[in-house]
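Descriptive analysis of the structure
Take a look at the letters that make up each chain.
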Amino acid sequence: QVQLVESGGGLVQTGGSLRLSCAASGSIFSINAMGWYRQAPGNERELVARIITGGNPNYADSVKGRFTISRDNTKNTVYLQMSSLKPEDTAVYYCHTIVSVVGSVGWSAYWGQGTQVTVSS
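Reference entry: report on the structure contained in this document.

Thresholds, definitions, all that
Residues numbered from 1 in each chain as written. Predicted model: local features only at pLDDT ≥ 70, side-chain atom pairs only at ≥ 80, totals over all residues. Heavy atoms only, no water. Disulfide = S-S within 2.5 Å. Helix = DSSP H or I, 4+ residues; strand = E, 2+ residues; numbered from the N terminus. Buried < 20%, exposed > 50% of the residue type's maximum accessible area, 1.4 Å probe, protein only. Core = buried A, V, L, I, M, F, W, Y, C linked by side-chain atoms within 4.5 Å. Contact = heavy atoms within 4.5 Å. Phe/Tyr/Trp six-rings, centres within 6.5 Å; stacked < 30°, edge-to-face > 60°.

Quick look at the state of the cysteines now. Throughout the structure, instances matching the rule amount to one disulfide. The disulfide bridge from Cys22 ends at Cys95, spanning 2.0 Å between sulfur atoms. Because the sign of the S-S torsion sets the handedness, a value of about -85 degrees for the bond joining Cys22 and Cys95 places this disulfide among the left-handed ones. Of this pair, Cys22 sits in strand 3 (residues 18–26) while Cys95 sits in strand 9 (residues 91–101), placing them 73 residues apart in sequence. Across this residue pair, the class does not change: Cys22 and Cys95 are buried.

Okay, structure coming up:
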């Protein structure tokens, strides 16, 4: 019912920048939140940054001052601008959204397929 399409991952050197995009489509009535999580090999998936509709963005401490999340509500798209990248930022980055679906009651959560970000030292 809801699809998330991510783009923008890749390989970058330490100190470089990347911009991730995630577009939500489908039977969306409204969006409660959009954000990004990441998972490195052997680690649990962790929140990177999130925007709740009507609220301020929140970030993991490890990315504050380096990453910026933004949303284009007209396109149901969320972006993650990543700067000053470090090798420890290497992970699969997943888009996440909480939406209300047309014809359904309550909120539902959806995940993107993930995009690989690799930072070389």
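Grouped together as the largest cluster of nonpolar side chains are 31 residues, with contacts concentrated most on Trp36, Val48, Phe67, Leu80, Met82 and Tyr93. Those elements that place two or more of their residues in this core are strand 1 (2–7), strand 3, strand 4 (28–39), strand 5 (46–52), strand 7 (67–72), strand 8 (77–82), strand 9 and strand 11 (115–120). Sorting elements by how many residues they give to this core places strand 9 first, with five residues. With sequence-adjacent residues up to four places away left out, Met82 is seen in contact with Gly16, Ser17, Leu18, Leu20, Arg66, Phe67, Tyr93 and Val117.

The next subject is the side chain of Asp89. By the element assignment, Asp89 lies in the loop between strand 8 and strand 9. Setting aside residues no more than four positions away along its own chain, Asp89 makes contact with Arg38, Arg66, Phe67, Ser84, Val117 and Val119.

Here the focus is the packing of aromatic side chains. What the rule picks out here adds up to two aromatic pairs. Ring plane angle 70 degrees and centroid distance 5.0 Å describe the contact between Tyr37 and Trp111, whose orientation is recorded as edge-to-face. In this pair, Tyr37 sits in strand 4 while Trp111 sits in strand 10 (residues 108–111), placing the two residues 74 residues apart along the sequence. Arranged with centres 6.4 Å apart and planes meeting at 90 degrees, the rings of Tyr94 and Trp111 form a pair that is edge-to-face. Placement of the pair is Tyr94 in strand 9 and Trp111 in strand 10, with a sequence separation of 17 residues. The class for Tyr94 is buried, based on a relative accessible area of 15%. Judged by its relative accessible area of 40%, Trp111 is partly exposed. Taken together, Tyr37, Tyr94 and Trp111 form an aromatic cluster joined through their ring pairs.

Geometry only, nothing functional implied.
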